[in-house]
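# Structural features, examined
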Amino acid sequence: MISLVHVDRQFQSMKKEILECVEKVLDSGQYILGEQGELFEKEASDYLNNSFTVNVANGTDALVLALRALDIGVGDEIITTPFTFFATAEAISRVRATPVFVDIDPITFNINENEIEKKVTNRTKAIIPVHLFGQACNMDQIKKIADNHNLYIVEDACQAFGGEWKGAKLGTIGDIGCFSFFPTKNLSTIGDGGLVVTKHHDIAERIKKLRHHGSRVKYMHDEVGYNSRLDELHASILRVCLTKIDRWNEERYQKALIYKKHLSDLSAFILPPTPSNKEHVYHLYCVEHHDRDKIVQYLSNKNIASGIYYPEPLHLQNVYQHLGYSVGDFPTSEEKSKSLFALPMHPFLTEEEQMRVIDALKEYEQRNIE
Ligand SMILES: *Cc1c(COP(=O)(O)O)cnc(C)c1O
């Protein structure tokens, strides 16, 4: 079976280093909020070019804490995309604000910047652009809109660690950036993990407080917070992974170029864009086909995994019925939810495996032409 992602291969490739991390943490006697976490925060901050960084328990909490640190809550509206993992909108709902959706761009699948301004009201507090599948949103345009209307930008960069927009690292362009280190993300650990990045010192301090029960001085609590810390074990593993992320992202990019080279002649397939090697880190490589479900089955019969991201846009989910959206409100998101599927893509995909995927798709197209 050719898998969509192969995190086990990633961690097998560095098993010795990981076991050393486990031993070091085990021997240290310090398992939560210790030296490894601080070192990871510092190294991540250097990598992202000197913003403040705060480790948290996962990417969802990173978003929730970001919104809390901006004092976003009841009555506030947050603009985002309906074509993302649920956690983006869930974080908005968790702080009891209201997600306001804007349809996506048909080429990049990111929020359509030209549609954002129509949704701004006097209750709008922030925009959450999602760098979907690892591709940068047009941050120039989003920043302009945010500046015009005095809105915060919280970047959901959970799928795009190491990606850039015009030389600036994704996550560091808006007011706050949020990352996830869930095992399948491009920078990941062997469990849950997350990171918040910001250029504002006071926001970083507030998030440090919120992640630890609203406390900065032991047993003194200023506000109701969360238990949302990254433990030392994951921090130490992430320190090792951070030294490899550029190489892994480059591997992904090269594999995207190979897919492009071999698949661009197939007329029924629409391939994702290939901007510069920093603007897209290919957390996922998603292709469009009008007969998506058939081709997914065809690949599965040939022992090739594929994935559907995302089968139901958020405005049509049961949980958001009360928001009053209906079918047809966001036609591009709805169309892509029926036509997109992800091909195997990870740094450890072998040339032979990738050629098997390519040959299967060519064969599928050939048969459907005859
Ligand atoms: C994974 C993901 C999250 C949530 O991260 P977790 O670490 O799983 O909580 C949020 N937004 C997007 C776009 C994601 O892909």
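Each chain has its residues counted from 1, following the order in which its sequence is written. With the structure being a predicted model, the display of local features is reserved for residues of pLDDT at least 70 and the display and counting of side-chain atom pairs for 80 or more, all residues being used for whole-chain, interface and lining totals. Note that the side-chain values use all heavy atoms of the structure and ignore hydrogens as well as water.

## Brief notes about the pairing of strand S8 (residues 176-180)
Here S8 lies mainly inside the structure; 5 of its 5 residues are buried. The classification of residues rests on relative accessible area computed with a 1.4 Å probe and restricted to protein chains. Under 20% of the type maximum is buried, over 50% is exposed, and intermediate values are partly exposed. In this description a helix means any DSSP run of H or I spanning at least four residues, a strand means any run of E spanning at least two, and both kinds are numbered starting from the N terminus. Where burial is concerned, the two faces of S8 agree: the one with Ile176, Cys178 and Ser180 and the one with Gly177 and Phe179 are both buried. We call two strands paired when DSSP finds no fewer than two bridges between them. Relative to S8, strand S5 (residues 152-156) is paired through 3 bridges, and the arrangement is parallel. Each bridged residue has a counterpart across the sheet, and for aspartate 156 the counterpart in S8 is cysteine 178. For S8 and strand S9 (residues 194-198), the ladder comprises 5 bridges, and the chain directions are antiparallel. Following the sheet pairing, phenylalanine 179 is matched in S9 by leucine 195.

## Remarks on the sheet that holds S8
Strand order in the open sheet formed by 7 strands is S1-S9-S8-S5-S4-S2-S3, and the pairing between neighbours is mixed. Both edges of this open sheet fall to strand S1 (52-56) and strand S3 (98-101), since each of them pairs with a single strand only. Direction aside, the axes of adjacent strands within the sheet are offset by 25 degrees on average. Packing of helix H7 (residues 139-149) onto the sheet brings it into contact with strand S4 (124-128) and S5, and relative to S5 it is tilted by some 150 degrees. By definition in these notes, contact holds between two residues if any of their heavy atoms fall within 4.5 Å. In this analysis an axis means a line fitted to C-alpha atoms, helices contributing only their contacting stretch, and an angle means the value between N-to-C directions, from 0 to 180 degrees. Where helix H8 (residues 201-210) meets the sheet, it contacts S1, S8 and S9, and its direction lies at approximately 15 degrees from that of S1.

## Topic: the domain arrangement of the protein chain
Assigned domains of the protein chain: these are domain 1 (7-101 + 110-242) and domain 2 (245-369). Note that domain bounds follow an automatic or database assignment of domains. Relative placement of domain 1 and domain 2: their C-alpha centres are 25 Å apart. On the side of domain 2, 34 residues touch domain 1, which itself brings 37 residues to the contact. A 1.4 Å probe defines the accessible area here, and the buried area is the portion of it lost by two parts on being joined, summed over both. Interface area for domain 1 against domain 2, summed over the two sides, is near 3,000 Å², with a carbon-plus-sulfur share of 63%. Looking only at domain 1, the three residues that lose the most surface to domain 2 are Arg9, Phe83 and Phe133, adding up to 24% of its buried area. What counts as a salt bridge is simple: a side-chain nitrogen of Lys or Arg found within 4 Å of a carboxyl oxygen of Asp or Glu. When the shortest N-O distance is used, the salt bridge between arginine 9 and glutamate 353 registers 2.7 Å. Side-chain atoms alone can form a polar contact between residues adjacent in sequence; in general such a contact is a pair of N or O atoms within 3.5 Å, and within protein one must be able to donate a hydrogen while the other accepts it. The tally of links from domain 1 across to domain 2 stands at 17 residue pairs in polar contact (both at pLDDT 80 or more). Listed by contribution, the elements that provide at least two residues to the side of domain 1 that touches domain 2 are helix H1 (7-12), helix H5 (87-94), S3, strand S6 (164-165) and helix H9 (232-242). Ranked by the residues each element gives to the side of domain 1 that touches domain 2, the list is headed by S3, at 4 residues. Three categories are distinguished: nonpolar for Ala, Val, Leu, Ile, Met, Phe, Trp, Tyr, Cys and Pro, charged for Asp, Glu, Lys and Arg, and polar for the others, with Gly belonging to the last. Class assignment of the residues belonging to the side of domain 1 that touches domain 2 gives a composition of 19 nonpolar, 13 polar and 5 charged.

## Side note on a nonpolar patch on the surface
A patch consists of residues whose relative accessible area exceeds 30% and which take part in no salt bridge; residues with like charges are grouped when within 9 Å of each other, and nonpolar side chains (Val, Leu, Ile, Met, Phe, Trp, Tyr) when within 5 Å. Using a 1.4 Å probe, the Shrake-Rupley method yields the accessible areas, and only the shown protein chains count as cover for residues. A contiguous nonpolar surface patch, about 370 Å² in accessible area, is contributed by Leu26, Tyr31, Ile32 and Leu33. Structurally, tyrosine 31 can be placed in the loop between helix H2 (15-28) and helix H3 (35-47). On the accessibility criterion, tyrosine 31 (42% relative accessible area) is partly exposed.

## Examining the UniProt feature "modified residue: N6-(pyridoxal phosphate)lysine" (unreviewed entry) in the protein chain
In this numbering, the UniProt entry assigns the feature "modified residue: N6-(pyridoxal phosphate)lysine" (unreviewed entry) to Lys185. Counting through the fold element by element, lysine 185 comes out in the loop between S8 and S9. Of the residues examined, lysine 185 reaches a relative accessible area of 13% and is grouped as buried. Excluding residues that lie within four positions of it along the chain, lysine 185 makes contacts with Cys158, Ser180 and His283. UniProt positions are given in the numbering used here, feature names are shortened, and annotations may be inferred rather than shown by experiment.

## Quick notes on the packing of aromatic side chains
The way to describe two aromatic rings as a pair is by their centre distance and the angle between their planes. Side-chain rings of Phe, Tyr and Trp, where Trp is taken by its six-membered ring, are said to pair if the distance between their centres is within 6.5 Å; with planes under 30 degrees apart they count as stacked, over 60 as edge-to-face, and otherwise as tilted. Overall, the coordinates contain 16 aromatic pairs when judged by the stated rule. Taking the centre distance of 5.8 Å and the plane angle of 35 degrees together, the rings of tyrosine 282 and tyrosine 285 count as tilted. Tyrosine 285 gets classed as buried once you look at its relative accessible area, which sits at 0%. Note on tyrosine 309 and tyrosine 310: the rings are 5.6 Å apart at their centroids and 85 degrees apart in plane angle, and the pair reads as edge-to-face. We classify tyrosine 309 as partly exposed; its relative accessible area is 23%. Taken together through their ring pairs, the aromatic side chains of Phe40, Tyr47, Phe161, Phe179 and Phe181 make up a single cluster.

## Focus on the packing of helix H4 (residues 59-69) against H8
At their nearest, the axes of H4 and H8 sit 9 Å apart, and the two run at 120 degrees to each other. Taken together, the axis directions place H4 and H8 in an arrangement best described as oblique. Crossing of H4 against H8: the hand is right-handed. Residues Leu65, Ala66, Arg68 and Ala69 of H4 touch H8, and the partners they reach there are Ile203, Arg206, Ile207 and Leu210. Residue classes in the contact of H4 with H8 are distributed as 6 nonpolar, no polar and 2 charged. When describing relative orientation, an angle under 35 degrees is termed roughly parallel and one over 145 degrees roughly antiparallel, while 65 to 115 degrees is termed roughly perpendicular and anything else oblique. Crossing handedness: left-handed means the near helix sits turned counterclockwise from the far one by under a right angle, and right-handed means the same turn made clockwise.

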